[in-house]
Amino acid sequence: MNFNDSILNYAKASYPLLIINTHEEKRVVKDLMSILSRREDFGTFYKWECITGLVPLNKNNLQTEKKFEDAGDLFEHLLKSSITGKEKRNAYVLCDFHLELESKMKAKEYIRYIKNLANYLRRDGSTMIFVQPYLTIPTELEKEVQVVEYTLPDEKAIKAKLEDNLTSTNNARKAKSKEVIKLSSDFIENVVEASKGM
């Protein structure tokens, strides 16, 4: 099963906690928002990080009254709003949260918050997704969390994207009566090879 199908299926099945192990934070957040917004009756797509706090990414007019840069404040807020049951089918993407769990002072508190939240998230069809560059799961959360593989695009996907961009560019150039761009197959192969792992 590919990444898109996995995420959509886990969300539909009300898996409350997912971990995505990747260095591609910006790309995975964009992909997640695209995938989850296709879900029927999807709510709000939130992103959290310790600098900007909790930010809704798919609703421009929605603002949280507080930023919740502190993870403890964030979990307190999520628990309170979950208890009311008003928020349904949301996605909460937490970036670099593994660093918070490595803090000996707060780790046990955060683990308890996450375990308590998991039941409400499951009930409401919401999902909390941890995006982190290396895999670390506290023992207490191993049964609660599902790990999802996020792979880099293969040659076929890179080539398709390049050809799609070239077609779009040439359509725009044709509309302006400009000469179309033609790329040799050797050039395309070199671009695809150079794009691997980016």
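Please refer to the structure higher up on the page.
Residues numbered from 1 in each chain as written. Predicted model: local features only at pLDDT ≥ 70, side-chain atom pairs only at ≥ 80, totals over all residues. Heavy atoms only, no water.

Caption draft 1: View of the overall build of the protein chain. Check the secondary structure of the protein chain and you find seven helices and six strands. Each helix and strand of the protein chain, placed in order from N terminus to C terminus, yields the pattern α-β-α-β-β-α-β-α-α-β-β-α-α. Expressed as lengths along the three principal axes of its C-alpha atoms, the size of the protein chain is roughly 60 × 35 × 30 Å. Scored against the burial criterion, the 198 residues of the protein chain give a buried share of 39%. By sequence separation, contacts in the protein chain at least 24 residues apart represent 72% of the contacts at least 6 residues apart. Total accessible area computed for the protein chain in this model is approximately 11,800 Å², and 50% of it derives from carbon and sulfur atoms. Side-chain charges in the protein chain split into 31 positive and 30 negative, and the spacing between the mean points of these groups amounts to 5 Å. (Helix = DSSP H or I, 4+ residues; strand = E, 2+ residues; numbered from the N terminus. Buried < 20%, exposed > 50% of the residue type's maximum accessible area, 1.4 Å probe, protein only. Contact = heavy atoms within 4.5 Å. Areas by Shrake-Rupley, 256 points an atom, 1.4 Å probe, with all protein chains shown as cover. Lys, Arg positive; Asp, Glu negative; His and termini not counted. Charge placed at Lys NZ, Arg CZ, Asp CG, Glu CD.)

Caption draft 2: Here's a closer look at the pattern of salt bridges. Summed over all chains, the structure comprises seven salt bridges. For Glu25, the salt bridge goes to Lys47, with nearest N and O atoms at 4.0 Å. Remark: Lys47 occurs in strand 2 (residues 45-49) and Glu25 occurs in helix 2 (residues 25-36); sequence separation between them is 22 residues. Residue classification places Glu25 among the partly exposed positions, given a relative accessible area of 23%. (Salt bridge = Lys/Arg side-chain N within 4 Å of Asp/Glu carboxyl O.)

Caption draft 3: The pairing of strand 4 (residues 91-95), seen in detail. For strand 4, the tally of buried residues reaches five of five residues, placing the bulk of the element in the interior. Covered by surrounding structure in strand 4 are Ala91, Val93 and Cys95 together with Tyr92 and Leu94, the residues of both alternating faces. When strand 4 meets strand 5 (residues 127-132), the two strands line up parallel, connected through five bridges. Paired with Val93 across the two strands is Ile129, which belongs to strand 5. (Pairing = 2+ DSSP bridges.)

Caption draft 4: Layout of the sheet that holds strand 3 (residues 53-56). The strand order across the open sheet built from six strands is 3-2-4-5-1-6, with neighbouring strands paired in mixed fashion. Looking along the sheet, the strands with just one partner apiece sit at the ends: strand 3 and strand 6 (145-148). The mean inter-strand angle of the sheet, taken between neighbouring strand axes irrespective of direction, is 25°. Here helix 1 (residues 3-12) sits on the sheet and contacts strand 1 (17-21), strand 5 and strand 6; the angle it forms with strand 6, its principal contact strand, is near 165°. Each of strand 1, strand 2, strand 4 and strand 5 is contacted by helix 2, which is oriented at about 160° to strand 2, the strand it contacts most. (Axes fitted to C-alpha atoms, helices over the stretch in contact; angles between N-to-C directions.)

Caption draft 5: Seen up close, the packing of helix 6 (residues 155-175) against helix 7 (residues 185-195). Their axes nearest at 9 Å, the elements helix 6 and helix 7 cross at an angle of 125°. Considered as vectors, helix 6 and helix 7 are oriented oblique to each other. When you trace helix 6 past helix 7, the crossing you get is right-handed. Mapping the contact onto sequence places Glu155, Ile158, Lys159 and Leu162 in helix 6 and Ile188, Glu189, Val191, Val192, Glu193 and Ser195 in helix 7. The class makeup of the residues in the contact of helix 6 with helix 7 is five nonpolar, one polar and four charged. (Parallel < 35°, antiparallel > 145°, perpendicular 65-115°, else oblique. Left-handed = near helix turned anticlockwise from the far one by under 90°. Nonpolar A, V, L, I, M, F, W, Y, C, P; charged D, E, K, R; others polar.)

Caption draft 6: Quick look at the nonpolar core. Ranked by internal contacts, the top residues of the largest apolar core, which has 26 residues, are Leu17, Phe75, Tyr92, Leu94, Phe97, Met128 and Phe130. Listed by contribution, the elements that provide at least two residues to this core are strand 1, strand 2, helix 3 (71-84), strand 4, helix 5 (107-124) and strand 5. Here the element with the most residues in this core is helix 5; it accounts for seven residues. Dropping the residues within four chain positions of it, Leu94 is found in contact with Trp48, Leu74, Phe75, Met128, Ile129, Phe130 and Val131. Ranked by size, the runner-up nonpolar core spans 21 residues in total, among them Ile7, Leu18, Val28 and Val29. (Core = buried A, V, L, I, M, F, W, Y, C linked by side-chain atoms within 4.5 Å.)

Interpretation in functional terms is not warranted from these geometric data alone.
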